Amino acid sequence: MVDSNSLQKIVVFGTGGTIAGQSALRNDNIGYVAAQVSIQTLSGDIAGLAAHVLGYELVFEQVAQVDSKDMNEAVWCDLAHRTAHALARPDVQGVVITHGTDTIEETAYFLHSVISATKPVVLTCAMRPATSLNSDGPQNMLDALSVVMDPQANGVGAVVVCAGAVHAAALVQKIHPYRVDAFSSGEAGPLGWVEEGRVRWSGLSMPSARPLWDVSALPISGVWPQVEIVMNHAGATGAVVQALVQAGVQGLVTAGTGNGTLSQPLTDALLQAMVHGVQVLRSTRCPLGQVVAAPQMAPDSSHDKTIPVAQGLSPVKARVALQLSLMGLPPQV
Ligand code: SIN
């Protein structure tokens, strides 16, 4: 008889989402309630799961049970501490996290910024609820486990696995509100694909330099600096920025038009906010590419170009990066 304590473990954290959703009708893929089924029940219903992870023991923990539109910093802190704790154990191979699709890219980027990449942290999800006639959750879960068991997954940092693709935390974006294949890594493409339990890596090398903050310094309270996102659009005024500054906001990320451009009234309000100590980062609302910074001393630099650029991050990820930086956490050693 195999002593389960001697097996290498994969820790599976449940946080809710559509993957744990339930609907009254099996053919209803939108009128469901997310975050209903426990991670144990969810996994227990997956045909072939035990054979898929032969030689490993799965350890389940329900960290939260939320629709990820309501994901928050308190859950993130709990998740980061539990993930770091699990990965520090020599008998743990890696971690799988089930999550709603709506903010999975933010949670993945947050974990990527506080967990060092020596063991895999694989987030997965579903676009159809657990009760669906044709739920995508079970296959996504098996694929996520395949990635954790793959030796090459050590070192890639946090990834999102969905619809057979492995996406890097820094690049992944949800790009479709309904389709099962809802994610894209943009121009770079995915890190790899999962095919019949095997991972085919694309060979894409990830930029190694990234801020890595000390997870142990994250506040348990979940109270983080307030950072809001402001979008530029035709007719954009500075009113939202002025109201946020009055409300005590500490950071602002702009989802600018095109190359991160901002209307003149919005630019003026943001420069004024910076004078009051608010930190501002400039990103773009374009789904592909990134803001191309103007050369430092370019004679035609307009005022909006004096606002620092968000280093290729989408607005939602730049917001997480700015929050972490404003917290003044020590870097991970
Ligand atoms: C959620 O993000 O929790 C709901 C939507 C989904 O998971 O697809």
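Residues numbered from 1 in each chain as written. Predicted model: local features only at pLDDT ≥ 70, side-chain atom pairs only at ≥ 80, totals over all residues. Heavy atoms only, no water.

> Pulling in residues and values, what's your account of the sheet that holds strand 11 (residues 227–231)?
The three strands are arranged 11-12-13 in an open sheet whose pairing can be described as parallel. Two strands lie at the open edges of the sheet, namely strand 11 and strand 13 (279–284), each paired on one side alone. With strand direction ignored, the average angle separating the axes of adjacent strands in the sheet is 20°. Here six bridges tie strand 12 (residues 251–256) to strand 13, and the two strands are oriented parallel to one another. Residue pairing for strand 13: G256 is matched across the bridge by T284. Sheet contacts for helix 6 (residues 239–246): strand 11 and strand 12; angle to strand 11, the most-contacted strand, approximately 170°. (Pairing = 2+ DSSP bridges. Helix = DSSP H or I, 4+ residues; strand = E, 2+ residues; numbered from the N terminus. Axes fitted to C-alpha atoms, helices over the stretch in contact; angles between N-to-C directions. Contact = heavy atoms within 4.5 Å.)

> Explain the domain arrangement of the protein residue by residue, including any values.
Domain boundaries assigned for the protein yield domain 1 (4–201) and domain 2 (223–326). Summarising the inter-unit geometry, the C-alpha centres of domain 1 and domain 2 are found 31 Å apart. Domain 1 puts 16 residues into the contact, and the matching count from domain 2 is 13 residues. When domain 1 packs against domain 2, the two sides together hide about 1,200 Å² of surface, and 66% of this comes from carbon and sulfur. Inspection of the domain 1/domain 2 interface yields one salt bridge. Linking E73 and R319 is a salt bridge whose minimum nitrogen-to-oxygen distance equals 3.3 Å. The interface formed by domain 1 and domain 2 includes six residue pairs in polar contact (both at pLDDT 80 or more). (Domains from an automatic or database assignment. Buried area = accessible area lost by both parts, 1.4 Å probe. Salt bridge = Lys/Arg side-chain N within 4 Å of Asp/Glu carboxyl O. Polar contact = N/O pair within 3.5 Å; in protein donor to acceptor, adjacent residues only side chain to side chain.)

> Requested: an account of the sheet that holds strand 3 (residues 92–98), with residues and values cited.
Taken in spatial order, the eight strands line up as 2-1-3-4-5-6-9-10 in an open sheet, and their pairing is mixed. Two strands in the sheet have a free side with no partner beyond their single neighbour: strand 2 (56–66) and strand 10 (198–201). Sheet twist, expressed as the mean angle between neighbouring strand axes with direction ignored, is 25°. Here strand 5 (residues 158–162) runs beside strand 6 (residues 165–168); their pairing, made up of four bridges, is antiparallel. Looking across to strand 6, one finds that V161 is bridged to V166. Sitting on the sheet, helix 4 (residues 104–114) is in contact with strand 3, strand 4 (121–124) and strand 5, with an inclination near 170° to strand 4.

> Break down helix 5 (residues 137–149) for me, citing the residues and quoting the values.
Between its first and last C-alpha atoms helix 5 spans 18 Å; for 13 residues at 1.5 Å apiece the expected length is 18 Å, and the two agree. Burial within helix 5 is extensive, with eleven of its 13 residues counted as buried. Of all the positions in helix 5, only G137, N140, M141, L142, D143, A144, L145, S146, V147, V148 and M149 are classed as buried. (Expected span 1.5 Å × (residues − 1). Buried < 20%, exposed > 50% of the residue type's maximum accessible area, 1.4 Å probe, protein only.)

> Could you give me a rundown of the nonpolar core, with the residues and numbers involved?
The biggest cluster of nonpolar side chains holds 50 residues, and the ones touching the most others in it are F110, L111, V114, L123, L218 and L324. At the level of secondary structure, the elements contributing two or more residues to this core comprise strand 1 (8–16), strand 2, helix 3 (73–87), strand 3, helix 4, strand 4, strand 5 and helix 8 (315–326). If you tally residues by element for this core, the top one is helix 3, at seven residues. When we break this core down by domain, the ones giving at least three residues each are domain 1 (4–201) and domain 2 (223–326). A144, V148, A153 and V159 belong to the second-largest nonpolar core, a separate cluster that totals 30 residues. (Core = buried A, V, L, I, M, F, W, Y, C linked by side-chain atoms within 4.5 Å.)

> With reference to specific residues and values, describe the environment of V160.
On the secondary structure map, V160 appears in strand 5. We classify V160 as buried; its relative accessible area is 0%. Remark: the alpha-carbon pair of V160 and R26, spanning 134 residues in sequence, is separated by 26 Å. Setting aside residues up to four positions removed in sequence, V160 forms contacts with I104, A108, L123, A165, V166, H167 and V172.

> If you had to explain the site of the ligand to someone new, which residues and values would you point to?
The environment of the ligand is formed by G17, T18, Y32, D67, S68, G100, T101, D102 and A126. D67 places a polar side-chain atom, nitrogen or oxygen, 3.2 Å from an oxygen atom of the ligand. T101 places a polar side-chain atom, nitrogen or oxygen, 2.5 Å from an oxygen atom of the ligand. Looking at side-chain class alone, the shell around the ligand contains two nonpolar, five polar and two charged residues. (Near = heavy atom within 4 Å. Nonpolar A, V, L, I, M, F, W, Y, C, P; charged D, E, K, R; others polar.)

> Break down the side chain of T284 for me, with residues and values.
Take T284: it is sitting in strand 13. Take T284: its relative accessible area is 7%, and that puts it in the buried class. Within polar-contact distance, the side chain of T284 engages the backbone oxygen of G258 at 2.6 Å. Within the structure, the side chain of T284 is placed 2.9 Å from the backbone nitrogen of C286, a separation counted as a polar contact.

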